[in-house]
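# Understanding the architecture of this molecule
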Amino acid sequence: MAITRSLWQETRTFFPLFLSLIKERGAKSVCVVGASDGKFVLPLVRRGIRVVAIERNTTALNGGPVVLPGGVESTMSGLRKRLAEEGFSNLVEIVEADILDLTAELEPSDAVWTSCSWHYSINHRRPLGEFVATMKSLCRPHGGVFGAEYMMPVEPRHLTLEHYPEEGGMRHHFPGWTIDWETYTPPFLEAPHVEQLHQHVHRMGLIIATHQQEENDED
Ligand SMILES: C[S@@+](CC[C@H](N)C(=O)[O-])C[C@H]1O[C@@H](n2cnc3c(N)ncnc32)[C@H](O)[C@@H]1O
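So, a few notes on the structure that sits alongside this text.

### Brief notes about the overall build of the protein chain
Check the secondary structure of the protein chain and you find five helices and eleven strands. Based on the C-alpha atoms only, the size of the protein chain along its principal axes is roughly 50 × 45 × 30 Å. Going through the 219 residues of the protein chain one by one, you find that 35% of them count as buried. Counting contacts in the protein chain only where the partners sit at least 6 residues apart, residues at least 24 apart contribute 69% of the total.

Now the structure itself:
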């Protein structure tokens, strides 16, 4: 079995916090929104967790040409090939779709995770609350875990967009949920990577929350 790497492997992430919490809770299924080429999908399936991987970018799923830092032309393997190479295709349901236009009827998962996805400009056409509400609906009622790391504002234009929440700006999306973790980085330098070819400044927030309601309760 070949161990393969995501093109996003080196970007900073709070994922280990999310992973340790869902392992403690015994999660058997996770939905990854904006799954790309599997930076988070592979570590989950390697632990025997079933994954629903939602992604709108066909190159990330099927592979294809990409430009890497330094203008290097390369080829992305893509999630499907990475899963096949490691023998995990049968543990993952891939949903090639924009989460804001999701029509597939999906079984709710024990947890749902996204990493720096909702700030993409394609999502600015709809309120951030719709993205969050769809993610919440993919999380099982009573005990389901919602995890998201997200970009915070570092440029003046970000301050005009709710898709770059400030500190505390996510809490109001979670009435009836328990917030397990809420934390923020200071601004930090991120090394060049796919899609951002030059060194850049990021600030990231994390929210992990648990659904406390029974199946038929309303939010
Ligand atoms: C920061 S990227 C990389 C993914 C992940 N953070 C990683 O490290 O592998 C976020 C991903 O979210 C996806 N994405 C953004 N908005 C989306 C949407 N509305 N529906 C589905 N995927 C989306 C993008 O296509 C991109 O692949």
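### Concerning the site of the ligand
Neighbouring residues of the ligand: 20 residues in total, closest W8, G34, K39, S115 and S117. When the residues that make up the shell around the ligand are grouped by side-chain class, the tally is eight nonpolar, eight polar and four charged.

### Remarks on the sheet that holds strand β7 (residues 145-151)
If you walk across this open sheet you meet the seven strands as β5-β2-β1-β6-β7-β11-β8, and the pairing is mixed. Each edge of the open sheet carries a strand with a single partner, namely β5 (92-96) and β8 (177-184). Strand-to-strand twist across the sheet, computed as the mean angle between neighbouring axes with direction ignored, equals 15°. Pairing analysis gives five bridges linking strand β2 (residues 50-55) to β5, with the strands arranged parallel. Residue pairing across strands places V52 opposite E93, the latter belonging to β5.

### Digging into the pairing of strand β4 (residues 72-76)
The side chains of a regular strand alternate, first on one face of the sheet and then on the other. Both strand β3 (residues 64-68) and β4 contribute to a ladder of five bridges, which runs antiparallel. By the bridge assignment for β4, P65 is matched with T75. Between β3 and the antiparallel strand that follows it, β4, lie three residues; G70 among them carries a positive phi value of about 85°.

### Notes on helix α5 (residues 128-137)
Those residues of α5 that fall on the buried side of the exposure criterion are L128, F131, M135 and K136. On an axial view of α5, the arc spanned by its buried residues comes to 135°, and they lie on one face. Summarising the geometry of α5, the exposed residues directed more than 90 degrees from the buried face are G129 and A133.

### Comments concerning the environment of L44
Looking at the element boundaries, L44 is found in helix α2 (residues 41-45). Taking C-alpha positions, L44 is 9.5 Å from K28, a pair spaced 16 residues apart along the chain. Discounting residues that sit within four places of it in the chain, L44 has contacts with V30, I49 and V51.

### Looking at helix α1 (residues 15-24)
Inspection of α1 places F18, L19 and I22 among the buried residues, and these make up the whole buried set. The buried residues of α1 occupy an angular sector of 100° when the element is viewed end-on, so they sit on one face. Facing away from the buried side of α1, by more than 90 degrees, are the exposed residues P16, S20 and E24. In this structure, the buried side of α1 is in contact with β1 (29-33), α2, β6 (111-115), β7 and β11 (204-211).

### Some details on unusual backbone geometry
One non-glycine residue, S36, lies in positive phi territory at about 50°. With respect to the helices, strands and loops of the structure, S36 is situated in the loop between β1 and α2. Unusually for a residue other than glycine, C116 sits at a positive phi of about 50°. Topologically, C116 is positioned in the loop between β6 and α5. Residue classification places C116 among the partly exposed positions, given that 18 C-beta atoms sit within 10 Å.

### What about the nonpolar core?
For soluble globular proteins, nonpolar side chains are generally found buried alongside one another. Grouped together as the largest cluster of nonpolar side chains are 49 residues, with contacts concentrated most on V30, V32, V41, V51, A53, I54 and V112. Take this core: its biggest share by element is five residues, from β11. Excluding residues that lie within four positions of it along the chain, V51 makes contacts with V30, V32, V41, L44, V45, L91 and V92.

Rules used in this analysis
Residues numbered from 1 in each chain as written. Predicted model: local features only at pLDDT ≥ 70, side-chain atom pairs only at ≥ 80, totals over all residues. Helix = DSSP H or I, 4+ residues; strand = E, 2+ residues; numbered from the N terminus. Buried ≥ 20, exposed ≤ 12 C-beta atoms within 10 Å, placed from the backbone. Contact = placed C-beta atoms within 7 Å. Near = placed C-beta within 6 Å. Nonpolar A, V, L, I, M, F, W, Y, C, P; charged D, E, K, R; others polar. Pairing = 2+ DSSP bridges. Axes fitted to C-alpha atoms, helices over the stretch in contact; angles between N-to-C directions. Arc of directions from axis to C-beta. Core = buried A, V, L, I, M, F, W, Y, C linked by C-beta atoms within 7 Å.

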